[in-house]
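Residue-level structure breakdown
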Amino acid sequence: MGTIHLSIGTPKTGTTAVQTFLRENEKLLNKQGYCFPDFTSKFGNDNRYKNRNGHFLIFNEGNVVQYDEPAVQAAAFEMLEELTKKYTDVILSDEEIWKIGTRREGFWQKTVKDFQKIGCELKVIVYVRRQDLFIQSLYNQNVKSRFVMRTESFDEYMTTNAFLNYPLDYFKHLSTIAQAVGKENLTVRPYEKGQFEGNGNSIFSDFLQCIGLTLTENYTKDTVKNNMGLRDNFIEIKRILNGIPEYIELNDFMNNAIKAASDCTANDLHSNTSMFTYEQQTAFMEKFEESNRMTAETFLDRPDGRLFYDPIEELPVWKVNPDTMYRDIILLFTEVFCQQQQEIQKLRSRVGRMNNHALVKAYRKLKGGK
């Protein structure tokens, strides 16, 4: 019987970095009997899902490409059945499963049965992040994203309760999953640097340990990039731009410029500030105190009930920095100017080649007519 290791997030816990790491080390994994399949062709060659190879299980709302879901799912399971004849362990990953899976009635029971039909045992891996840190990172992502493009301030965002789309009562959600897959087949890991295990104490060593492997010097992570949030004033610049209709049409172009300019600054948004006041932050976390305690006791076998070890820091509340805003605006529009010039140069080169081709063609025509 083959084993399916299904990593379902949660969001903002390094899932993309782990997926990139797995793809980069695909050959090494294969040598150890593991496979991280590429289902890109099953998703209409949509590169967003190259490493989100568990996406066929949910087909979340808002897809750019409309799929024939039953046909794609059947093809994916057929491919998995063939792979498990060669590999003992198959790794699937998609962080949206955490949000979407359990709110679909019978999803987990059906998923377990579907894998059983191809002779596979399902093991689920979940990383959970402290809720106050998750919310701040999610807000940053929603402002940065070219798909969501939030326009509210953080305080306004908190009043919308939009974040409730992501289950924050970890114990309740995990219990639903455990009921279907079996508690022994559910691995829960805190997303906290001090709690990462394995050789190297990183998210990569921790994840490999979850699936029965050890991080060695043979693994590489040359292509792995941290999914950094926007920094300093750029979160405010992007939030304002998100509300301008004309900007939306240029978002693919501008998003890269904003991110590049943001990376030029030295201050990380969450390194020394908080979107909450300390009182707001502690009050927010009190809502999840019981759930986190039960999660630690039940799924991590911790009698002390501590799920997260890092204390809540009393940090200054993040705000726009007028003293550096002029610098950041200049950085942004320098990036925009450079990108535009690069595009102009490419177009000029293309036009030049087309003109040369036309001249050569005309010359040959004249020469042939003599």
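The structure under discussion appears in the preceding block.
Residues numbered from 1 in each chain as written. Predicted model: local features only at pLDDT ≥ 70, side-chain atom pairs only at ≥ 80, totals over all residues. Heavy atoms only, no water.

1. Some words on the overall build of the chain
Across its full length, the chain carries 15 helices and 5 strands. Taken along its principal axes, the extent of the C-alpha atoms in the chain is 90 × 60 × 40 Å. Sorting the 370 residues of the chain into buried and exposed places 49% on the buried side. In the chain, of all internal contacts separated by at least 6 residues, the share reaching a separation of at least 24 is 76%. By element, 51% of the accessible surface of the chain is carried by carbon and sulfur atoms, the whole surface being about 19700 Å². (Helix = DSSP H or I, 4+ residues; strand = E, 2+ residues; numbered from the N terminus. Buried < 20%, exposed > 50% of the residue type's maximum accessible area, 1.4 Å probe, protein only. Contact = heavy atoms within 4.5 Å. Areas by Shrake-Rupley, 256 points an atom, 1.4 Å probe, with all protein chains shown as cover.)

2. Regarding the side chain of R23
Position of R23 among the secondary structure elements: in helix α1 (residues 15-24). A polar contact of 2.9 Å, which involves the side chain of R23, links it to the side chain of N51. The residues contacting R23, other than those within four sequence positions of it, are F36, P37, D38, K50, N51 and N53. (Polar contact = N/O pair within 3.5 Å; in protein donor to acceptor, adjacent residues only side chain to side chain.)

3. What about helix α9 (residues 203-210)?
Burial analysis of α9 places 7 of its 8 residues in the buried class, which makes it a mostly covered element. Taken residue by residue, α9 has I203, F204, S205, D206, F207, L208 and C210 as its buried positions. Elements in contact with the buried residues of α9: β1 (2-7), α1, β3 (89-93), β4 (120-128) and β5 (186-190).

4. Considering the nonpolar core
Ranked by size, the top nonpolar core spans 75 residues in total, and within it F56, L80, W108, F115, I135 and L186 carry the most contacts. Of all the elements, helix α8 (residues 170-181) adds the most residues to this core, at 7 residues. Filtering out sequence-adjacent residues up to four positions away, L186 remains in contact with V124, V126, L174, I177, A178, V181 and F299. In this structure, F21, L29, L208 and L215 belong to the second largest nonpolar core, which totals 21 residues. (Core = buried A, V, L, I, M, F, W, Y, C linked by side-chain atoms within 4.5 Å.)

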